[in-house]
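Listed below, chain by chain, are the residues.
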Protein chains: 2
Amino acid sequence: MDFSSDSARDLPATEITAALERLTRLFLRLAPRGELSLTAVSVLSLLGRSGPRRLTDLAAGEGVTQPAMTQLVSRLQEAGLAERAGDPEDGRVVLVHVTDAGRTALAERSAARAALLSELLSQLAEAELDGLVAALPAIDSLTSLMPDERPATVRAS
Amino acid sequence: MDFSSDSARDLPATEITAALERLTRLFLRLAPRGELSLTAVSVLSLLGRSGPRRLTDLAAGEGVTQPAMTQLVSRLQEAGLAERAGDPEDGRVVLVHVTDAGRTALAERSAARAALLSELLSQLAEAELDGLVAALPAIDSLTSLMPDERPATVRAS
DNA sequence: TATTGTTATACTCTATAACTATA
DNA sequence: TATAGTTATAGAGTATAACAATA
């Protein structure tokens, strides 16, 4: 094998960007109406994995403003998916917990999404699917490289 | 090589779904504020590639309602990125054109995105980058499999 | 009548600015 | 004073329903 030429390193990021853009659009349109927003999913998922978090930390981690997180948590709370609790060590702090209903909703959503995507994946050629699997490590790395502090406005269409 | 076992076909779609979901979120947060929405980009891109289109066709193709497309085109027009023109053959029809400013804005946005992503890609190991490139055909197929008629509400966080 | 597009209205999610409460 | 969080208000983008104009 020749490791010195034709490296992927030489490929313009433009191609990958374009592909990711189409993929993002596909993924957003895959969502049935009335579902949890991507930020909501991300928050519930984090709370489920790592336990209660401060509202400010959640806002910073998700790249949204503190008021936006206040409102998201309020919506989650009204839906019974999360709860606010005080911090005994600091009266100003709000600790956000995921509820059992929140865990259930998250699991159901994941299953539904996987089913939808599964249907699409089943239409891929074997080689294409292998390619997708080969990309998983890169996706893991990329997403862990994501800076937390970017306060980007997320617009979805 | 063994093509009969350990096929990617056997992998749970759950893993791929989760990875693509994280990737989508990363990509959405990569966007500087005040940018064009994904639908706007998709519309301008289509108009640039294939020429003027009817408003109804654009709405169907983007999976949004006709009123939503009316409003998007109005915003694009106010921003000078697109224009409305009548169809001499059918007085009811509005043909949407991209302007030179629209082409420019699209090109600049693509370049900016590619630059941001490039920075992240440069931090990947060679093998990871190769894996990402290997996934491009699958992403192309997936996005072309996307049904046009899904009227999903697009929520981005 | 059917089709094309717009207007009216409401909802979700976001932002910035101003505010309250605690440290 | 500084920090944590909320409230107030506005804007983008979407939907459904009702409408106008043309075929």
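If you had to explain the overall build of chain A to someone new, which residues and values would you point to?
Helix and strand counts for chain A stand at six helices and three strands. Along chain A, helices (α) and strands (β) appear in the sequence α-α-β-α-α-β-β-α-α when read from the amino end. Summarising the internal contacts of chain A: among those between residues at least 6 apart in sequence, 50% fall at separations of at least 24. Entry remark: accessible area of chain A is about 7900 Å², with carbon and sulfur atoms responsible for 52%.

How would you summarise the sheet that holds strand 2 (residues 82-87) of chain A if you had to cite specific residues and measurements?
Residues and elements named next belong to chain A. Pairing is antiparallel in the open sheet, where three strands are placed in the order 1-3-2. Sheet topology places strand 1 (53-54) and strand 2 at the edges, where each strand pairs with a single neighbour. Relative to strand 3 (residues 90-98), strand 2 is paired through six bridges, and the arrangement is antiparallel. The partner of D87 across the bridge, within strand 3, is D90.

Could you give an account of the pattern of salt bridges, naming the residues involved and the relevant values?
Opposite charge on two side chains lets them pair, provided their charged atoms get close. Applying the stated criterion across every chain yields a total of 13 salt bridges over all chains. E62 of chain B is the partner of R25 of chain A in a salt bridge, and the nearest nitrogen-oxygen pair spans 3.0 Å. Of this pair, R25 of chain A sits in helix 1 (residues 13-29) while E62 of chain B sits in helix 3 (residues 55-62), on two different chains. Summarising the burial analysis for this pair, R25 of chain A and E62 of chain B share the class buried. In this structure, E35 of chain A and R113 of chain A form a salt bridge, with 4.0 Å as the shortest nitrogen-oxygen distance. Highlighted residues: E35 of chain A in the loop between helix 1 and helix 2 (38-50) and R113 of chain A in helix 5 (residues 100-121), separated in sequence by 78 residues. Here E35 of chain A falls in the buried class, since its relative accessible area comes to 16%. Given a relative accessible area of 4%, R113 of chain A falls into the buried group. Among the charged side chains, a network of salt bridges with common partners joins E35, R109 and R113 of chain A together with E21 of chain B.

Tell me what's going on with the environment of A112 of chain A, and back it up with residues and numbers.
Residue and element names in this part refer to chain A. In this fold, A112 is placed in helix 5. What makes A112 partly exposed here is its relative accessible area of 37%. Taking C-alpha positions, A112 is 27 Å from I16, a pair spaced 96 residues apart along the chain.

Could you give an account of the environment of A135 of chain B, naming the residues involved and the relevant values?
Within the element layout of this structure, A135 of chain B appears in helix 6 (residues 126-145). Among the residues examined, A135 of chain B registers a relative accessible area of 2% and is labelled buried. The contacts of A135 of chain B, once residues within four sequence positions are left out, are G131, L132 and A135 of chain A.

Go over the nonpolar core with me, naming the residues and quoting the values.
Core analysis: the biggest nonpolar cluster contains 40 residues, and L121 and L132 of chain A together with L121 and L132 of chain B have the highest contact counts within it. Secondary structure elements with two or more residues in this core: helix 1, helix 5 and helix 6 (126-145) of chain A together with helix 1 (13-29), helix 5 (100-121) and helix 6 of chain B.

How would you summarise the packing of helix 1 of chain A against helix 1 of chain B if you had to cite specific residues and measurements?
In contact at an axis separation of 9 Å, helix 1 of chain A and helix 1 of chain B are set at 110° when each is read in the N-to-C sense. Taken as axis vectors, helix 1 of chain A and helix 1 of chain B run roughly perpendicular relative to one another. The element helix 1 of chain A and its partner helix 1 of chain B pack so that their crossing is left-handed. Only T17, L20, E21, L23, T24, F27 and L28 of chain B of helix 1 of chain B make contact with helix 1 of chain A, whose side of the interface consists of T17, L20, E21, L23, T24, F27 and L28 of chain A. Looking at the contact of helix 1 of chain A with helix 1 of chain B residue by residue, the class counts come to eight nonpolar, four polar and two charged.

Can you lay out the pairing of strand 3 (residues 90-98) of chain B for me, pointing to particular residues and giving the numbers?
Residues and elements named next belong to chain B. Two strands pair when backbone bridges link them, and strand 1 (residues 53-54) and strand 3 are joined in this way by two bridges, in the antiparallel orientation. Residue pairing for strand 3: R53 is matched across the bridge by V96. The antiparallel hairpin formed by strand 2 (residues 82-87) and strand 3 contains two residues in its connecting segment.

What counts as what
- Note that residues are indexed from 1 along each chain, following the sequence as it is written.
- Here the convention is simple: chains get letters from A, ligands get numbers from 1, in the order in which they are written.
- Under the rules for a predicted model, residues below a pLDDT of 70 receive no local features and side-chain atom pairs below 80 are neither given nor counted, while totals for whole chains, interfaces and linings still include all residues.
- Where side-chain values are given, they derive from all heavy atoms of the structure, hydrogens and water being excluded.
- Counting from the N terminus, the helices are DSSP H or I runs at least four residues long and the strands are E runs at least two residues long.
- Only heavy atoms enter the contact rule, under which two residues are in contact if any of them lie within 4.5 Å.
- In this description, accessible areas are obtained by the Shrake-Rupley approach with a 1.4 Å probe, and a residue is regarded as covered only by the protein chains that are shown.
- Think of it this way: DSSP has to see at least two bridges between two strands before they count as a pair.
- One side-chain nitrogen of Lys or Arg within 4 Å of one carboxyl oxygen of Asp or Glu is enough to make a salt bridge.
- Working definition: with a 1.4 Å probe on protein chains only, accessible area under 20% of the residue-type maximum means buried, over 50% means exposed, and in between means partly exposed.
- Joining through side-chain atoms within 4.5 Å is the link that ties buried Ala, Val, Leu, Ile, Met, Phe, Trp, Tyr and Cys residues into a set, and such a set is a nonpolar core.
- Orientation is described by axes fitted as lines to C-alpha atoms, over the contacting stretch for helices, and by angles from 0 to 180 degrees between their N-to-C directions.
- By definition in this entry, angles of less than 35 degrees are roughly parallel, angles greater than 145 are roughly antiparallel, angles of 65 to 115 are roughly perpendicular, and the rest are oblique.
- Take the far helix as the reference: if the near one is turned anticlockwise from it by less than a right angle, the crossing is left-handed, and if turned clockwise, right-handed.
- Under the convention adopted here, Pro, Cys and the residues Ala, Val, Leu, Ile, Met, Phe, Trp and Tyr are nonpolar, Asp, Glu, Lys and Arg are charged, and Gly plus all remaining residues are polar.

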